[in-house]
Protein chains: 2
Amino acid sequence: MPGTGQTRNTRQKEAIRAAFVEADRPLSPDELLGLAQARVGGLSLATIYRNISSLVEDRWLAEVAVPGGAMRYEVAGKAHHHHFQCRGCGTLHELEGCELRAKPKLPVGFEYASHELFVYGTCAACMK
Amino acid sequence: MPGTGQTRNTRQKEAIRAAFVEADRPLSPDELLGLAQARVGGLSLATIYRNISSLVEDRWLAEVAVPGGAMRYEVAGKAHHHHFQCRGCGTLHELEGCELRAKPKLPVGFEYASHELFVYGTCAACMK
DNA sequence: CTGCGTGCAAATGCTTTGCAAAGAC
DNA sequence: GTCTTTGCAAAGCATTTGCACGCAG
């Protein structure tokens, strides 16, 4: 049960945190595996998943659910923002601000809680 | 290979189409199984998936990818709209119109193509 | 030392596919 | 009767979990 006992700093967890800081965009477990393995060869996917869970519980990471894709994770604590997904390479990027005009009109009897906006297009790298 | 040979009208496919028309909201394969089995007992999940694929190819159904959830499908041919997901029961509902103020501002070098908005809250049935 | 974290492999859970039998036309 | 569609069961994938060993503290 993470959060109760000790939390040790392993090379693997260090590599994972570093990958998020350097990437500066939400990463999927697969993307993370590639980036973290560049630092710690032999790092396993199971370790990726376990550390992600741990970092989410510690609120160092936040989950970013993407329509029709694998879950992504980003460093937690950021202001309200949305995301852009590149149709070319599939990478997710942060967008600043929120272009929503007003709270959306809901059917009678429905109650609003929150919203998520996803923008699609082509990223700079894929435009070349 | 659907689309090439004959397409036969089976009780199963009829039940599936009827379920979509009656539900009047996007359905997941699981939800669809329940609704369609009420009409044709013993209908299998494999048949659900195969008919969904077939109906999507025929453009009678459209895919609705949901963040962090199973794919949903809705009757195709509707105008630009977005979706509401109930935090209580997980059902997806159609929303009319679009509250987006303007095309979102993207980082330099990025190109806009489209967007999707998801609204969360509580549906009328779960408010009781 | 103590026991948490890791790698491997097996186990899930959801979706897809192979195949023989049932059904549409 | 012919050829598509179905139901069942097995196969795929991505993610999760069990276990024995390795490493952090």
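Thresholds, definitions, all that
- Residues numbered from 1 in each chain as written.
- Chains lettered and ligands numbered in written order.
- Predicted model: local features only at pLDDT ≥ 70, side-chain atom pairs only at ≥ 80, totals over all residues.
- Heavy atoms only, no water.
- Salt bridge = Lys/Arg side-chain N within 4 Å of Asp/Glu carboxyl O.
- Helix = DSSP H or I, 4+ residues; strand = E, 2+ residues; numbered from the N terminus.
- Buried < 20%, exposed > 50% of the residue type's maximum accessible area, 1.4 Å probe, protein only.
- Near = heavy atom within 4 Å.
- Polar contact = N/O pair within 3.5 Å; in protein donor to acceptor, adjacent residues only side chain to side chain.
- Nonpolar A, V, L, I, M, F, W, Y, C, P; charged D, E, K, R; others polar.
- Contact = heavy atoms within 4.5 Å.
- Buried area = accessible area lost by both parts, 1.4 Å probe.
- Pairing = 2+ DSSP bridges.

Caption draft 1: Just the pattern of salt bridges, in detail. All names here are of chain A. Overall, the coordinates contain eight salt bridges over all chains when judged by the stated rule. Note that Arg25 is salt-bridged to Glu31, the shortest N-O span being 3.2 Å. The closest approach of N and O atoms between Glu94 and Lys78, which form a salt bridge, is 2.6 Å. Here Glu94, found in strand 4 (residues 92-95), pairs with Lys78, found in the loop between strand 2 (72-75) and strand 3 (82-86); they are 16 residues apart in sequence, far enough to count as distant. On the basis of relative accessibility, which here comes to 38%, the residue Lys78 falls in the partly exposed class.

Caption draft 2: Representation of the protein's contact with DNA strand C in the model. With respect to spatial proximity, 18 residues lie near DNA strand C, and among them Arg8, Thr47 and Arg50 of chain A together with Arg8 and Tyr49 of chain B are the closest. Backbone atoms, meaning sugar and phosphate, make up 64% of the atoms of DNA strand C lying within 4 Å of the protein. Contact between DNA strand C and Thr10 of chain A: a phosphate oxygen at 2.9 Å from a side-chain N or O atom of the residue. Contacts to DNA strand C include Gln12 of chain A, whose side-chain N or O atom sits 3.1 Å from a sugar or linking oxygen. When residues of the surface near DNA strand C are traced back to their parent elements, those giving at least two are helix 3 (45-57) of chain A together with helix 3 (45-57) of chain B. Residues that form the surface near DNA strand C fall into these classes: five nonpolar, nine polar and four charged.

Caption draft 3: Focus on the interface of chain A and chain B. In this assembly, 35 residues from chain A lie in contact with 35 residues from chain B. Sorting the residues of chain A by area buried against chain B places Glu99, Arg101 and Phe110 of chain A first, and these three jointly supply 22% of that buried surface. If you look at where chain A meets chain B, you find zero salt bridges. Applying the counting rule to chain A against chain B returns ten residue pairs in polar contact (both at pLDDT 80 or more). The set of elements that each furnish at least two residues to the side of chain A that touches chain B consists of strand 4, strand 5 (111-122) and helix 4 (124-127) of chain A. At twelve residues, the largest contribution of residues to the side of chain A that touches chain B is made by strand 5 of chain A. For the side of chain A that touches chain B, the residue count by class is 22 nonpolar, seven polar and six charged. Looking at chain direction, strand 5 of chain A and strand 5 (residues 111-122) of chain B are connected through eleven bridges and run antiparallel. Its bridge partner being in strand 5 of chain B, Leu117 of chain A is matched across the sheet by Leu117 of chain B.

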